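Listed below, chain by chain, are the residues.
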Amino acid sequence: MADIVRKLAAIDPRIIYLVMGLAVLFPILVPIGLRVTITPPTQSAFDAIEKIAEGSRVLVSFDYGPSTSAENDPMAAAILRHCFARNLKVVSIALFPVGGDSVARDQMLLAAKEFPDKKDTVDYVNLGYKDGGQAPMKLMATDFKAVFPTDAAGRPYDSLPIMQDVKSYKDFAIAETLATGIIGEWWANLVNAQFHLDVVIGATAVSAPKYYAYLNSGNAVGLIGGLKGASEYEKLLVEKYPQFEGAYKQAGVLTATKGMDAQNIAHLAIVFFILIGNVFYVLMKRSRRAGDAA
Amino acid sequence: MMKRRIALILTFIAGSLGLFAFFFPGVPLFPVWPFVATANFKSASDRLDTWMVIVAGFALTLGVVNVVQTHGRKIMRQEKGWMYSVALLGGLFSMSAAGIYGLQPTEGIGKYTDGTSTPFDWIFGNIFFPLQATMFALLAFFMASAAYRAFRIRSFQATLLLAAAVIVMLGRIPFGEMISPHLSESITGTPGGAYLLPWLTNWIMDKPNSAGQSGIIIGAALGAAALSLRVILGLETSYLGQGKEG
Amino acid sequence: MIQAWIAAFLTLAIMSFLYKDNPVFRFAENLFAGVSLGYFVGIVLNQTLKPNLYTPLVTDFRGNWDLLIAGGIGILLYFRYIPKVAWMSRFALAIYIGYYVGVNMLQKLQGEVLPQMQSALKPINGFNAASLNNLIVFIGVLAVLCYFFFSKKHEGAFGRFATLGIWFLMVSFGAAFGYTVMGRVSLLIGRLNFLVNGWLMHLLGR
């Protein structure tokens, strides 16, 4: 018995990898369709956009790259759909150097295809990526044009109708950051704290626990945490705007809600690993003690 | 000694300009003010912000030179693993070439007007994206292995950590709701009541987790602010290196 | 379709590391490192240096001549690679580091310390759920700060209070672990979804 426990405790990690892979693969092949419940931070994020008057300008910052696309892309898609459904004018930027520029272009292009009535440079614009992190974030509080003299496609700032009369953060109703790392914190502790622009944070699950502190201090007005947060936002969006139901039911398209099926099985697998690992640990400890006593 | 002193003075000016601009935005910047009437701390700080956007761009690509030197040397000397250096430099030069090609007015680094990809965008979507996304996806496997082999209840504190982790992991999935009893509104304070595990998870994230994170944020922020002040005042000079000259 | 094959090959090449380290993985890993750096070159040239440095100098030199100084500072950073003049790069580094520590100092104090302290100090008036929660948060923040105060020995009442801080930290870290699991699994879901729906299904003609 002790031998079996010892062997199982030292099992080849590749078996664990295989179990993990199958746990995630199965719901992708056979969708389950589990229910999603809404949490207060995501509700706050949704309500923050709902409260904005139609025609207002919103700033969407793509502060993530391919490393967390699986989490942040569904958030981006949901937020852009929400903004366009509410006839808000979307100005997108990117501050994350490792792929932020390209994901911003891709997401804005996808949104533009879904809303052909929205006009580029009039209803939305992608200003592109800018280096410097806090430097452009500070400068946008005074002189937006100095940070983005052209948009991502190279068109001069003054030629963009959506940017007419935009001087600073004061000309935006809210900023939404889709963040993978520290840049999301800068929106809260720099832009909101010093320049008083309301900020909604779409954070990866790894950083979401820390953002609860910013949410409670008022530096963020809403928080979308990880794939679960994205699935909640999708649910709120479909409940309020049923025209998006079809988009979220398309076969072969991964949405956060569909991803939660796989998340469900994977979490159970990890909990099982933790519990069974500790059971073996306790059994081995007991057998060692019994062996020492003998 | 003189060179080091100049560097410290530059650090002080660059660091304190933003602070002075925050507290005294309208105060004239005396060395410049007689020549430029609108020169004050705020305008100078804003201009420095503009400069730093450009400097940060140069800084981001600083490592490229080092990588080319290191791997170029490896290829020329045909050291162990030099073939991989060929792949690295091949990737570096082709992506850079695509970026330089994109500088032309009709090109760019996104998509063309007909929806097809520029060379830069094509390499990003079909090579960079799958490589980086998969690199990070591997972490899920390693985490599962670590959870099995290393996550042990050796003490009360470890048990507390484990309990919080399990509650949060179950509370954030639909399964957590399925196995939880329904608690009434009087207990949870939520209209219509709530299921135990999701409600408990929300409470853990909102209260004890938030308290812990706040404590960490305050402590780290005070430390960072103190270190920043030391650097600005020239008391901390490790970033300048150990060089004997100046 | 060729794009899907290339992406699938590279995905599987990286995943092959799970079986064991092998030349295909090494090739993909090095390719990734090279392409990442090349990406930086592309976006810096197109999104920063061209619109923020080159174009303003060319279109309005009189109003933007000072940007030459910024460009000069940027180029000075590269002098570190030329041994004879490497000392000059320290001036550029001094400005770069000085600027960001200045920004950080204000950011940390105004954006983190003050708001976080304010959010920990909420009313505790009466025996109700809100007051109890505010008390828990207040005690938690205080206990964690006590734990990180290493200038005083953690013994007696102070030591016990610091231990309470560790308990709060353990709950935080446990919650963070739970969320980290969610985060990492999400990334795996994305890649496996691509392999199934973005590649295999196309292969099977669905």
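What you are looking at is a predicted structure, and each value in this text was computed from that prediction instead of being measured. (Residues numbered from 1 in each chain as written. Chains lettered and ligands numbered in written order. Predicted model: local features only at pLDDT ≥ 70, side-chain atom pairs only at ≥ 80, totals over all residues. Heavy atoms only, no water.)

## Some thoughts on the overall build of chain B
- A tally of helices and strands in chain B yields ten helices and two strands.
- Listed N to C, the secondary structure of chain B is α-α-α-α-α-α-α-β-α-β-α-α in terms of helices and strands.
- Computed over the C-alpha atoms, the radius of gyration of chain B is 28 Å, more than 25% above the 18 Å expected from 2.2 N^0.38 for a compact globule of 246 residues.
- Referenced to the eigenvectors of the C-alpha coordinate spread, the extents of chain B come out at roughly 75 × 55 × 50 Å.
- With 246 residues in all, chain B has 48% of them scored as buried. (Helix = DSSP H or I, 4+ residues; strand = E, 2+ residues; numbered from the N terminus. Rg over C-alpha atoms; globule rule 2.2 N^0.38 Å. Buried < 20%, exposed > 50% of the residue type's maximum accessible area, 1.4 Å probe, protein only.)

## As for the pairing of strand β5 (residues 199–203) of chain A
All names here are of chain A.
- The element β5 is extensively covered by neighbouring structure, given that five of its five residues are classed as buried.
- In this region the chain leaves strand β4 (residues 174–179), passes through helix α8 (residues 182–195) and returns to the parallel neighbour β5; the handedness of that crossover is right-handed.
- Pairing geometry for β5 and strand β6 (residues 222–225), over four bridges, is parallel. Residue pairing for β6: G202 is matched across the bridge by I224.
- In the classification by handedness, the crossover that spans β5, the intervening helix α9 (residues 208–216) and the parallel β6 is right-handed. (Right-handed = clockwise from strand over helix to strand, strands pointing away. Pairing = 2+ DSSP bridges.)

## Notes on the packing of helix α2 (residues 13–29) of chain A against helix α5 (residues 119–149) of chain B
- Direction vectors running N to C along α2(A) and α5(B) enclose 120°, while the axes themselves pass 9 Å from each other. The orientation of α2(A) with respect to α5(B), classified from their angle, is oblique. The two elements α2(A) and α5(B) meet at a crossing, and its hand is right-handed. The residues of α5(B) that touch α2(A), namely those facing P13(A), I16(A), Y17(A), M20(A) and G21(A), are A140(B), F141(B), F142(B), A144(B), S145(B), Y148(B) and R149(B). (Axes fitted to C-alpha atoms, helices over the stretch in contact; angles between N-to-C directions. Parallel < 35°, antiparallel > 145°, perpendicular 65-115°, else oblique. Left-handed = near helix turned anticlockwise from the far one by under 90°. Contact = heavy atoms within 4.5 Å.)

## Structural notes on the sheet that holds strand β3 (residues 124–129) of chain A
All names here are of chain A.
- Spatial ordering of the open sheet is given by β3-β2-β1-β4-β5-β6, a layout of six strands whose pairing is parallel. Each edge of the open sheet carries a strand with a single partner, namely β3 and β6. Across the sheet, the axes of successive neighbouring strands diverge by a mean angle of 15°, strand direction being ignored.
- Seen against the sheet, helix α3 (residues 40–50) touches β4, β5 and β6 and runs at an angle of roughly 125° to β6.
- Together, β1 (57–63), β2 (89–94), β3, β4, β5 and β6 form the strand contacts of helix α4 (residues 69–85), whose direction differs from that of β4 by roughly 160°.

## So, the pattern of salt bridges
- Inspection of every chain in the model, using the stated rule, returns 21 salt bridges over all chains.
- Here D49(B) and K138(A) are joined by a salt bridge, their closest N and O atoms 3.4 Å apart. In this pair, D49(B) sits in helix α2 (residues 41–60) while K138(A) sits in helix α6 (residues 134–139), so the two residues belong to two different chains. Across this residue pair, the class does not change: D49(B) and K138(A) are buried.
- A network of salt bridges, in which partner residues are shared, links D106(A), K111(B) and D121(B). (Salt bridge = Lys/Arg side-chain N within 4 Å of Asp/Glu carboxyl O.)

## Here we look at the interface of chain B and chain C
- The interface of chain B with chain C comprises 106 residues on the first partner and 105 residues on the second.
- Of the roughly 9,900 Å² buried at the junction of chain B and chain C (both faces included), carbon and sulfur atoms supply 80%.
- When residues of chain B are sorted by the area they lose upon contact with chain C, F58(B), Y84(B) and L131(B) head the list and together hold 7% of the total.
- For D66(C), the salt bridge is made with R47(B), and the minimal N-O distance between the two is 2.6 Å.
- Here chain B is connected to chain C by 19 residue pairs in polar contact (both at pLDDT 80 or more).
- Put simply, the parts of the chain that give the side of chain B that touches chain C at least two residues each are α1 (2–23), α2, α3 (62–76), α4 (82–101), α5, α6 (156–171), α9 (196–206) and α10 (208–232) of chain B.
- Ranked by residue count, the leading element in the side of chain B that touches chain C is α5(B), at 22 residues.
- Class assignment for the residues of the side of chain B that touches chain C results in 73 nonpolar, 26 polar and seven charged. (Buried area = accessible area lost by both parts, 1.4 Å probe. Polar contact = N/O pair within 3.5 Å; in protein donor to acceptor, adjacent residues only side chain to side chain. Nonpolar A, V, L, I, M, F, W, Y, C, P; charged D, E, K, R; others polar.)

## Brief notes about the nonpolar core
- Ranked by size, the top nonpolar core spans 176 residues in total, and within it F62(A), F144(A), M163(A) and W187(A) carry the most contacts.
- Both domains that meet at this core, namely domain 1 (2–31 + 259–293) and domain 2 (40–250) of chain A, each give it at least three residues.
- For M163(A), the contacting residues outside a window of four places in its chain are V91(A), V125(A), L127(A), F144(A), Y157(A) and F172(A).
- Listed in part, the 33 residues of the second largest apolar core include L53(C), A70(C), L77(C) and Y99(C). (Core = buried A, V, L, I, M, F, W, Y, C linked by side-chain atoms within 4.5 Å. Domains from an automatic or database assignment.)

## Quick notes on α1(B)
- If you check α1(B), its first and last C-alpha atoms are 31 Å apart, about what 22 residues at 1.5 Å a residue would give, namely 32 Å.
- S16(B) marks the point of greatest bend in α1(B), at about 30°.
- Listed as buried for α1(B) are R4(B), A7(B), T11(B), A14(B), G15(B), S16(B), L17(B), G18(B), L19(B) and A21(B).
- Of the surrounding secondary structure, the elements contacted by the buried residues of α1(B) are α6 of chain A, α2 and α10 of chain B together with α5 (89–120) of chain C. (Expected span 1.5 Å × (residues − 1). Bend = angle between axes of the 7 residues up to and from the residue.)

## Considering the environment of A48(A)
Residues and elements named next belong to chain A.
- Positionally, A48 belongs in helix α3.
- On the basis of relative accessible area, A48 is assigned to the buried category, the value being 9%.
- Between the C-alpha atom of A48 and that of D120, which follows or precedes it by 72 residues, the distance is 25 Å.

## Quick look at α9(A)
All names here are of chain A.
- Extensive coverage of α9 is indicated by the burial of seven of its nine residues.
- All of the buried residues in α9 are A208, P209, Y211, Y212, A213, Y214 and L215.
- Following α9 by one or two positions, G218 adopts a phi angle in the positive range, close to 90°.

## Details of a positive patch on the surface
- Positive charge collects at one region of the surface, where K285(A), R286(A), R288(A), R289(A) and R154(B) lie side by side.
- Within the secondary structure, R154(B) is located in the loop between α5 and α6.
- The exposed category is assigned to R154(B), whose relative accessible area is 59%. (Patch = residues over 30% accessible without salt bridge, like charges linked within 9 Å, V, L, I, M, F, W, Y side chains within 5 Å. Areas by Shrake-Rupley, 256 points an atom, 1.4 Å probe, with all protein chains shown as cover. Lys, Arg positive; Asp, Glu negative; His and termini not counted. Charge placed at Lys NZ, Arg CZ, Asp CG, Glu CD.)

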